[in-house]
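# Coordinate inspection notes
Chain by chain, the residues run as shown.
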Amino acid sequence: MKNMKTICRNLLAVTLIVVSIIANAQEKKLPNIVILATGGTIAGAGASSTGSAYTSGQVKIEAMIDAVPNIRTLANLKGEQIANVGSQDMSVKVWLDLANRINELLKSKDCDGVVITHGTDTQEETAFFLNLVIKSDKPVVLTGSMRPSTALSADGPLNMYNAVALAASPKAKGYGVMVVMNDEIHSAHAVKKMMSTPVQTFQSPDEGMIGTVIFGDVQLFHKPHSLNTTASEFSVDGVKELPRVDIVYGCADMSPDLIDIMVKAGAKGIVIAGVGDGNMNAGTLEAAKKATKAGIIVVRATRVPIGAVLINGEVNDKEYGTICSDELNPQKARVLLMLALLKKRSWDDMQNLFINY
Ligand code: GLU
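Residues numbered from 1 in each chain as written. Predicted model: local features only at pLDDT ≥ 70, side-chain atom pairs only at ≥ 80, totals over all residues. Heavy atoms only, no water.

## Notes on the site of the ligand
Rules: Near residues are defined by distance, with any heavy atom within 4 Å of the molecule or strand qualifying the residue. N or O atoms closer than or at 3.5 Å make up a polar contact, with two conditions inside protein: a donor-capable atom paired with an acceptor-capable one, and, for residues adjacent in sequence, both atoms drawn from side chains. Per-residue and other accessible areas were derived by the Shrake-Rupley procedure at a 1.4 Å probe size, with only the shown protein chains allowed to occlude residues. Points on a 1 Å grid, built from protein atoms alone, make a cavity when a 1.4 Å probe fits but cannot get out and make a pocket when they are open with protein on both sides within 12 Å along at least 5 of 7 lines; residues with an atom within 4 Å of a point are the lining residues. Throughout, a molecule is located in a cavity or pocket provided that more than half of its atoms lie within 2 Å of its grid points. By the convention adopted, Pro, Cys, Tyr, Trp, Phe, Met, Ile, Leu, Val and Ala count as nonpolar, Lys, Arg, Asp and Glu as charged, and the other residues, Gly among them, as polar.
Near the ligand, the surroundings consist of Gly40, Thr41, Tyr54, Ser56, Gly86, Ser87, Gln88, Gly119, Thr120, Asp121, Ser145 and Met146. Gln88 is positioned such that a nitrogen or oxygen atom in its side chain is 2.8 Å from a nitrogen atom of the ligand. Contact distances for the ligand include 2.6 Å between an oxygen atom and a backbone N or O atom of Ser145. Within the complex, the protein chains bury 92% of what would otherwise be the 280 Å² of accessible surface of the ligand. Spatially, the ligand is embedded in the largest pocket. Split into classes, the residues belonging to the shell around the ligand amount to 2 nonpolar, 9 polar and 1 charged.

Laid out in structure tokens, this is it:
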């Protein structure tokens with residue numbers, strides 16, 4: 001009887017060990033994904049589930065992961081809190097921290113992909129910045145939400161689930177940095193925040209979305225055409241800050257002295273969110289010419305949400321020394337110009353960057 005008891009106890013112990021070995025082996029088969037949290041509405045909280053008032057960046061990454069049903073069935077997840085701000089407070093410092101951490105993580109064979117949770121206001125800028133400076137073809141996916149975590153029908157949990165599914169998918173290698181929101185996958189180059197509050201705010205009106213991810217099912221349609229990540233010439237290795245680049249918004253009868261004020265304040269580059277095809281009034285064009293003669297790089301972008309700015313349209317760019325933003329909107333043109341200004345370049349070299357990236 002005593003022997004029988006010992007045999008049973010030993011059998012139970014062996015069974016438990018085998019079960020735990022199998023469970024471990026299964027866990028190891030899942031991809032390893034790191035979620036870097038930066039704040040935003042996805043981490044926001046409000047007093048009422050039906051009111052519009054809330055504060056961004058209130059919930060920490062562990063609680064955000066725990067709030068998403070079944071997310072741990074997609075990947076082995078680790079969370080890191082890089083910042084916890086509304087993305088109106090996103091900064092070059094956080095961009096550099098993110099880029100350095102992502103490059104470090106993706107160098108390791110223990111990390112298969114990265115998800116970044118981010119406010120939507122400046123998400124396209126962070127995505128585009130990372131698209132230029134990440135040195136890996138492993139998936140890097142940004143996501144966020146339009147409704148805070150406490151809202152009725154909060155969109156954050158499903159966006160996060162889908163972002164992890166995309167980052168964990170072997171299909172997603174080599175697509176550059178992507179943005180996942182509202183079941184859609186967008187390239188960092190093409191994505192734009194098009195609406196102030198609706199959940200379908202992220203769109204790629206010039207090129208279209210690159211895929212969909214519906215309850216974790218990833219479909220990718222086409223690769224982005226612009227240079228990114230492993231094909232990009234930009235690097236932030238050892239970079240501590242970026243040159244100042246300001247944006248001036250074009251309108252009827254705009255004030256030319258805004259350009260002079262930016263130059264006096266220390267801007268090394270100026271992006272003009274011009275009217276139409278990157279146009280500006282005669283006084284502003286003269287101020288721009290004066291700035292380019294003084295060595296400031298002036299880029300003509302447009303305040304219009306869709307369409308490219310073309311070289312030598314109504315402005316003779318070679319004569320004025322101005323550069324065309326091509327398809328990049330003013331905020332993305334600013335990001336590219338900040339990185340481009342880390343090195344001295346000819347007009348042709350600078351213009352080509354805006355065509356190729
Ligand atoms: N200001 C917020 C942010 O960008 C709102 C946008 C959001 O996250 O949806 O963080």
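Here the narrative resumes, following the displayed structure.
## Section: the pairing of strand S6 (residues 184-187)
A regular strand places its side chains on the two faces of the sheet in alternate fashion. Let me state the cut-off plainly: Here, a strand pair is defined by DSSP locating no fewer than two bridges between the strands. A run of H or I in DSSP becomes a helix once it reaches four residues, and a run of E becomes a strand once it reaches two; helices and strands are each numbered from the N terminus.
Judged from the 4 bridges that link them, strand S5 (residues 177-181) and S6 form a sheet pairing that is antiparallel. Counted as the bridge partner of Val180 is Ile185 from S6. Sheet topology places S6 next to strand S9 (residues 211-214); 2 bridges connect them, and they run antiparallel. Across the sheet, residue Glu184 finds its bridge partner in S9, namely Thr212.

## Some remarks on the packing of helix H4 (residues 123-133) against helix H9 (residues 330-340)
Here is the rule: Here an angle of 0 to 180 degrees is reported between the N-to-C directions of two axes, which are lines fitted to C-alpha atoms, with helices fitted over the stretch in contact. By definition, turning the near helix anticlockwise from the far helix through less than a right angle yields a left-handed crossing, and turning it clockwise yields a right-handed one. Note on contacts: a residue pair is in contact if any heavy atoms of the two residues lie within 4.5 Å.
At a closest axis distance of 9 Å, the pairing of H4 and H9 adopts a crossing angle of 35 degrees. Viewed along their axes, H4 and H9 form a crossing whose handedness is right-handed. Between H4 and H9, the residues in contact are Glu124, Glu125, Phe128, Phe129, Leu132 and Val133 and Gln331, Lys332, Arg334, Val335, Leu336 and Leu339, respectively.

Purely geometric stuff here, so don't read any function into it on its own.
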